[in-house]
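Reading the structure
These are the residues of each chain, in order.
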Amino acid sequence: MQNNIFTTMRSLKVVDGCKSSQVCAVNPSGPASGMGGGGGGYGEKLFHHLHDHIRVNSIRSRSSRNYQAPNETPSVSIETLLPYGLPMTDLLEPQIERCLKSVDLVDTLARMYRKIDNSPQFEKSNAYIEQGLIFRGLSDPKLVRRSIQSARQHAIDVHTKVVLAAWLRFERREDELIGTSSMDCCGRNIECPKANLVPGYDPESVYDHCICPRGPREDDDDDLAMKEEGCSTSEEDGDMSFFIGDDEVRCFRSKIASLSTPFRTMLYGDFRESRREKINFTQNGFSLKGMRAAEIFSRTKRLNSFEPDIVLELLSFANRFCCEEMKASCDAHLASLVHDIEDAVLFFDYGLDETAYFLVAACLQVFLRDLPSSMHNANVMRLFCSSEAREKMAAVGHASFTLYYFLSQIAMEIDMKSNTTVMLLERLVECCADCWQKQIALHQLGVVMLERKEYKDAQHWFEAAVEEGNLYSLVGVARAKYKRGHTYSAYKLMSSLISDHGPTGWMYQERSLYCAGKEKMMDLNAATELDPTLVFPYKYRAVMLLEENKIGAAVSEINKIIGFTISPDCLELRAWFLLALEDYDAALRDVRALLTLNPNYMVFNGKMHGNQLVELLKPLVQKWSQADCWMQLYDRWSSVDDIGSLAVVHHMLENDPGKSLLRFRQSLLLLRLNCQKAAMHSLRLARNYSNFDHERLVYEGWILYDTGHREEALAKAEESISIQRSFEAFFLKAYILADSSLDAESSTYVIQLLEDALKCPSDGLRKGQALNNLGSIYVDCDKLDLAANCYMNALNIKHTRAHQGLARVYHLKNQRKYAYDEMTRLIEKAKNNASAYEKRSEYCDRDMARSDLAMATQLDPVRTYPYRYRAAILMDDHKEGEAVQELTKAINFIPDLQLLHLRAAFHDSTGNTGAALSDCEAALCLDPDHVETVELYTRARERAKEQQK
């Protein structure tokens with residue numbers, strides 16, 4: 001569906017963010033360090049200047065705030081609000097990323113596409129895993145999830161199926177859903193615990209429904225028949241006997257001989273036992289029950305009636321005497337008995353000792369599906385962390401790069417510096433076979449050692465990663481050298497990297513750490529110009545302005561990055577500045593927002609929990625009732641102030657933490673801010689706190705939809721409606737159905753669903769969204785008057801984004817001035833208005849459009865339309881080189897599908913077939929089903945073949 005406005009509220013954008021570490025500060029009570037040294041350092045002078053300023057003005061009333069009467073306002077000191085002083089530039093440094101990062105991302109993506117396309121079927125799974133690790137650096141979890149799904153689809157063995165299915169489950173964090181079990185099935189083969197244990201390669205069936213939703217097994221008759229067969233003990237039965245001590249087990253010689261070649265040789269060959277009717281088996285270490293079980297199995301080939309300890313003995317028996325069929329049956333039977341952590345811990349060592357592949361797989365599956373909880377279980381971790389444990393697992397076919405990568409990533413999320421993390425990464429290195437595996441494993445070990453301040457070891461691992469071809473690890477080498485006091489060596493290393501491999505933003509960012517003065521600022525500015533998504537340069541410039549006592553300018557600088565991508569450390573830094581400006585309302589807003597992103601965030605260089613700072617600030621701002629909060633939320637939502645809205649919701653949740661509706665609103669805001677991980681966490685909490693089945697089903701539907709399970713999400717919406725007709729259930733169903741190309745009949749149905757939603761009780765915030773979406777459907781159906789009516793009704797309840805829809809209606813009616821005016825109103829009302837500038841450019845002349853798009857790029861440099869528009873204009877003016885350069889400037893930090901497709905088309909039109917093919921391949925790596933790129937790629941390949949001829 002063209003220009004579907006449904007995406008405006010819940011869309012995601014690819015942002016290659018460089019997340020810096022938390023902001024550091026100088027402690028005013030301790031000796032000053034860094035600039036100026038001694039007690040008279042500049043940082044300390046500025047601190048004392050602000051101390052005096054705030055001490056005098058800390059309880060001053062402002063006309064713009066409704067503070068309590070002066071005699072009721074608590075006094076506040078600088079030591080209370082800024083107990084650890086102010087941030088300093090000397091203590092800032094960017095974080096080294098853990099993911100694979102290339103100098104030429106387009107070339108990497110193109111190579112990855114070719115590798116997958118040319119891989120034999122049985123090697124595709126490994127290629128997709130490599131692709132997923134590359135996508136980790138693009139900050140788009142949907143791309144990562146798609147790669148893992150494809151890897152699971154092409155998995156050729158049970159081990160890989162088990163690991164990748166658990167990985168997919170972990171990505172959804174279903175462990176946070178109350179009332180679910182780690183072994184619950186999603187209903188599809190791709191993640192089904194039972195389907196994972198089925199051997200064989202069947203990529204066509206992984207998305208089919210699994211066989212789990214079935215009734216109880218009807219094998220009672222089989223068990224009874226087997227027991228009847230197995231209880232014959234009379235002297236007439238059998239033609240030979242095994243003795244265990246004085247106890248006799250009658251057997252059929254042919255049946256026992258059929259168990260294995262050794263038994264056949266013993267009973268029918270040249271051995272003495274072939275001529276004996278009675279054979280003493282006492283010295284072989286098997287019990288009477290075990291021997292009887294072996295005899296029964298020789299006749300029935302069944303194990304259902306035996307206790308687990310007997311089956312374990314049979315497994316050992318099978319290994320001793322090479323009874324392959326018996327071993328396979330015992331292995332599969334024991335695997336079917338593993339249901340929880342206790343079972344898995346009990347059976348795992350047996351499985352390793354007896355090389356029982358499926359039993360170990362079943363235990364491993366329980367461990368992995370219980371992550372991250374099982375990561376805290378010492379009995380589980382001992383099975384993975386040591387070299388000896390890995391060797392045992394390798395012997396049974398269950399030690400792999402994929403397994404240890406998955407485990408080590410979770411360990412790093414829990415505690416980057418822990419010994420468990422180090423040991424798992426060391427095992428990861430031992431599992432590496434391919435060059436790309438060694439690059440990522442060695443690099444991550446370097447990152448962890450750097451965090452642990454073991455700089456010599458960090459340098460060693462980074463250098464090893466460089467030897468395997470990972471140029472980004474040179475950043476780690478330089479940082480480790482810098483930490484060891486070799487600043488000039490670090491500077492030369494980064495300068496050499498820049499000159500040898502062409503400049504990228506992260507290269508200049510890293511080199512800026514190793515120089516000073518104007519040269520440092522030049523490097524930071526170059527980093528921002530090449531990659532405006534890098535966070536560190538903004539933070540450094542902002543703190544430098546603070547040190548120059550230009551606090552307002554410092555706020556403006558950090559606002560530049562917060563305007564298009566938010567992170568807790570940037571919000572913390574702005575809150576720090578706002579405290580210095582005595583703007584307690586705004587500071588509290590930012591602290592609440594960062595706690596929404598990370599509820600455990602520690603402010604002031606990790607010295608104070610964010611909640612403690614909230615408590616310190618609450619007495620200094622106006623108190624709101626819950627009714628006041630709803631009004632504030634309505635105002636901020638209407639003014640497209642997403643950070644302010646997050647703060648209000650956080651405030652409301654303090655009073656009512658179990659309010660599922662508020663958690664749901666929180667998730668919507670976080671999705672709008674491209675914070676998907678935090679959004680999904682809020683959505684899971686909404687589901688957990690829900691008191692009603694129909695409401696819980698809606699939230700489960702959104703969780704499924706946002707993780708790519710469209711059909712299952714639709715089923716949840718329909719089930720919710722069957723229980724109770726509600727706004728959110730109808731809205732969810734309409735949203736899912738509208739997220740595809742709609743024909744006339746489908747559009748009519750979606751319209752009916754939205755109208756049904758609007759008839760149900762809800763508040764203005766949600767009804768405004770429904771009206772906006774309904775207007776979009778009417779526009780696509782060419783019912784412009786009805787669409788305009790929807791948008792006007794939405795505006796009447798302050799749904800500000802409806803200005804954009806109304807502008808579209810005016811434009812389609814050839815009333816461009818009215819369309820322009822509507823977008824101007826949106827720009828004036830919206831706090832975040834980059835998209836409004838972009839959209840307004842469609843309703844004005846070329847010069848004004850260029851101005852609007854320049855403003856859109858300035859406010860949000862990751863929006864791709866302005867680059868495409870400017871490139872198209874240059875192409876129309878026959879400035880092909882400049883057009884390609886305009887796109888290249890953006891592609892260097894936004895590997896966007898549309899940008900790559902357009903540049904490929906430009907290359908194709910100018911006869912640069914090689915470049916066109918490369919861009920097409922990179923684009924198809926991001927979306928292999930993009931029809932226009934597939935067609936362009938086909939034409940370019942045919943042209944390349946003709947040129948070769």
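Computed from a predicted model, the values in this text were never measured in an experiment.

Attention shifts here to the overall build of the protein chain. In terms of regular secondary structure, the protein chain is built from 51 helices and four strands. Within the protein chain, buried positions represent 56% of all 949 residues. Put simply, the protein chain shows about 40,300 Å² of open surface, and 49% of that area lies on carbon and sulfur atoms.

This paragraph deals with the sheet that holds strand β1 (residues 240–244). For sheets, the rule is that strands pair by backbone hydrogen bonds, running either parallel or antiparallel. With respect to topology, three strands assemble into an open sheet ordered β2-β1-β3, the strand pairing being mixed. Among the strands making up the open sheet, the edge pair consists of β2 (247–251) and β3 (278–280). If you compare each strand with its neighbour and ignore which way they point, the axes differ by 25 degrees on average. The sheet contact formed by β1 and β2 spans five bridges and is antiparallel. By the bridge assignment for β2, S241 is matched with R250. Along the sheet, helix α12 (residues 288–300) makes contact with β1 and β2, crossing β2 at roughly 10 degrees.

Take the pattern of salt bridges next. The tally for this structure, following the rule as stated, stands at 55 salt bridges. Across the salt bridge formed by R684 and E176, the nearest N and O atoms sit 2.7 Å from each other. Here the residue R684 occupies a position in helix α36 (residues 676–689), and E176 occupies one in the loop between α7 (158–172) and α8 (193–196), the gap between them amounting to 508 residues. When its relative accessible area of 5% is taken as the criterion, R684 is described as buried. Classification of E176 as partly exposed rests on a relative accessible area of 22%. Through salt bridges with shared partners, one network takes in R687, D693, R696, E700 and K716.

Right, let's talk about the pairing of β1 for a bit. With respect to burial, β1 is a largely interior element, five of its five residues being buried. Taken together, the three bridges between β1 and β3 define a ladder with parallel strand orientation. Its bridge partner lying in β3, S241 is registered against K278.

Turning our attention to helix α24 (residues 487–501). In this model, α24 (15 residues) spans 21 Å end to end at C-alpha, consistent with the 21 Å of a helix rising 1.5 Å per residue. Looking at the buried positions of α24, the neighbouring elements they touch are α23 (473–483), α25 (505–511) and α26 (517–530). Of the residues flanking the end of α24, it is G502, one or two places downstream, whose phi is positive at about 80 degrees.

Now for the nonpolar core. Counting 286 residues, the largest nonpolar core has F317 and F384 as its most contacted members. Residue contributions to this core peak at 10 residues, all from helix α39 (residues 727–738). Among residues more than four places away in sequence, those in contact with F317 are L259, F263, F281, F286, M291, A294, C323 and M326.

With that settled, consider the side chain of D919. Note on placement: D919 falls in helix α50 (residues 913–926). Once you skip the residues sitting within four places of it in the chain, D919 turns out to touch V106, L900, R903, A904 and H907.

One pass over the structure, following the stated rule, counts 36 aromatic pairs. Here Y357 and F358 contribute two aromatic rings whose centre-to-centre distance is 5.3 Å and whose plane-to-plane angle is 90 degrees, an arrangement assigned as edge-to-face. Judged by its relative accessible area of 24%, F358 falls in the partly exposed class. An aromatic cluster is present here, built from F664, Y699, W702, Y705, F727, F731 and Y735 joined pairwise through their rings. Over the ring of W637 we find R672, and its NZ or CZ is 4.9 Å from the ring centre. Positioned above the aromatic ring of F731 is the side chain of R766, whose terminal nitrogen or guanidinium carbon lies 4.6 Å from the ring centre.

So, on to unusual backbone geometry. Of note, the bond from L371 into P372 is cis; its omega dihedral lies within 30 degrees of zero at 5 degrees. Structurally, P372 is set in the loop between α16 (357–369) and α17 (378–381). One non-glycine residue, R173, lies in the positive phi region at around 50 degrees. Tracing the backbone shows R173 in the loop between α7 and α8. The exposure class of R173 is buried, given its relative accessible area of 18%. Positive phi is not limited to glycine here, since V640 has a value of about 55 degrees. Within the secondary structure, V640 sits in the loop between α33 (626–638) and α34 (642–655).

Rules used throughout
- Residues numbered from 1 in each chain as written.
- Predicted model: local features only at pLDDT ≥ 70, side-chain atom pairs only at ≥ 80, totals over all residues.
- Heavy atoms only, no water.
- Helix = DSSP H or I, 4+ residues; strand = E, 2+ residues; numbered from the N terminus.
- Buried < 20%, exposed > 50% of the residue type's maximum accessible area, 1.4 Å probe, protein only.
- Areas by Shrake-Rupley, 256 points an atom, 1.4 Å probe, with all protein chains shown as cover.
- Pairing = 2+ DSSP bridges.
- Axes fitted to C-alpha atoms, helices over the stretch in contact; angles between N-to-C directions.
- Contact = heavy atoms within 4.5 Å.
- Salt bridge = Lys/Arg side-chain N within 4 Å of Asp/Glu carboxyl O.
- Expected span 1.5 Å × (residues − 1).
- Core = buried A, V, L, I, M, F, W, Y, C linked by side-chain atoms within 4.5 Å.
- Phe/Tyr/Trp six-rings, centres within 6.5 Å; stacked < 30°, edge-to-face > 60°.
- Lys NZ or Arg CZ within 6 Å of the ring centre and 35° of its normal.

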